[in-house]
Amino acid sequence: MGTKDIETLLKRYYDGLTSEEEEAQLARMLSGGDVPHSLKADQDFFKAMHGCKNADDADAIEQKIAARIDRWSATVGTTRRMRIAAMARHACAIAASVAVVALLGTYLHSRHAITPGEREQLAMAQTALAEFSETLNKGLAKIEDAQEKTKDIGKSINKCVELNKNGIK
């Protein structure tokens with residue numbers, strides 16, 4: 001069986017679509033020493049997942065996975081709090097900017113004659129606020145992208161944990 005066939009079977013394995021016969025076939029193919037370099041990481045992963053032969057080994061692996069998930073959850077909680085704090089700072093900055101613009105607009109509106117120098121300052125202020133708004137929007141878009149990626153990674157990890165839990169027992 002060629003490298004492409006092994007890669008196809010591995011993709012089906014990672015997607016949870018392989019039968020027991022296919023997993024046994026993968027175990028035979030990946031247990032040899034003549035695995036291509038591009039599949040070494042998959043070989044190590046597959047050996048780690050299917051290398052245990054008795055219930056004690058399976059329990060030890062399950063405990064290690066649970067401990068890593070607990071550590072990851074603690075890290076994610078901290079990161080989530082930091083992300084919420086950053087969003088609160090951004091919201092405060094936006095509110096302050098709106099207040100400054102409103103006060104400036106009210107002040108300038110209450111005056112009857114605007115000098116050319118004031119017009120120039122107003123134009124500069126508007127330009128600065130537009131640039132600030134654009135930068136802020138870029139930052140918020142990156143935060144949203146990071147949140148989506150975090151959700152996708154969490155779903156993948158949960159799927160792997162569920163598959164491993166079902167496969168180990």
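In this convention, every chain numbers its residues from 1, walking through the sequence in written order. For this predicted model, a pLDDT threshold of at least 70 governs which residues receive local features, and a threshold of 80 or more governs which side-chain atom pairs are given and counted, while totals over whole chains, interfaces and linings are taken from all residues. The side-chain quantities take in all heavy atoms of the structure and omit both hydrogens and water.

**Student:** I'd like a rundown of the overall build of the protein, residues and numbers included.
**Tutor:** Helix and strand counts for the protein stand at five helices and zero strands. The order of helices and strands in the protein, counted from the N terminus, is α-α-α-α-α. Residue burial is assigned from relative accessible area. The probe radius is 1.4 Å, only protein chains are included, and a residue is buried under 20% of its type maximum, exposed over 50%, and partly exposed in between. Looking at the 169 residues of the protein, the share that counts as buried comes to 16%. Nonlocal contacts in the protein, meaning residues at least 24 apart in sequence, comprise 57% of its contacts between residues at least 6 apart. Computed with a 1.4 Å probe, the accessible areas rest on the Shrake-Rupley method; for each residue, only the protein chains presented here act as cover. For the protein, the exposed surface amounts to about 12,500 Å²; the carbon and sulfur share of it is 59%. Strands here mean DSSP runs of E at least two residues long; helices mean DSSP runs of H or I at least four residues long; both are numbered from the N terminus. Contacts are assigned to residue pairs that have any heavy atoms within 4.5 Å of one another.

**Student:** Residues and numbers for the environment of Met 29, please.
**Tutor:** Its location among the elements puts Met 29 in helix H2 (residues 20-31). Met 29 sits in the buried class, given a relative accessible area of 17%. Counting along the chain gives 14 residues from Met 29 to Gln 43, while the straight-line C-alpha distance between them is 9.1 Å.

**Student:** I'd love a proper account of the side chain of Ser 97, names of residues and values included.
**Tutor:** Relative to the helices and strands, Ser 97 resides in helix H4 (residues 55-110). With a relative accessible area of 19%, Ser 97 lands in the buried category. Residues contacting Ser 97, with those up to four places away along its chain left out, are Leu 129 and Phe 132.

**Student:** Can you lay out the side chain of Glu 22 for me, pointing to particular residues and giving the numbers?
**Tutor:** With respect to the helices and strands, Glu 22 occurs in helix H2. A 3.5 Å cut-off defines polar contacts: any pair of N or O atoms within that distance qualifies, except that in protein one atom must be a possible hydrogen donor and the other a possible acceptor, and neighbouring residues in sequence count only when both atoms are side-chain atoms. Here Arg 12 takes part through its side chain, which lies 3.0 Å from a polar atom of the side chain of Glu 22. Not counting residues up to four positions away in its chain, the partners in contact with Glu 22 are Leu 9, Arg 12 and Leu 17.

This is a description of form; function is not addressed.
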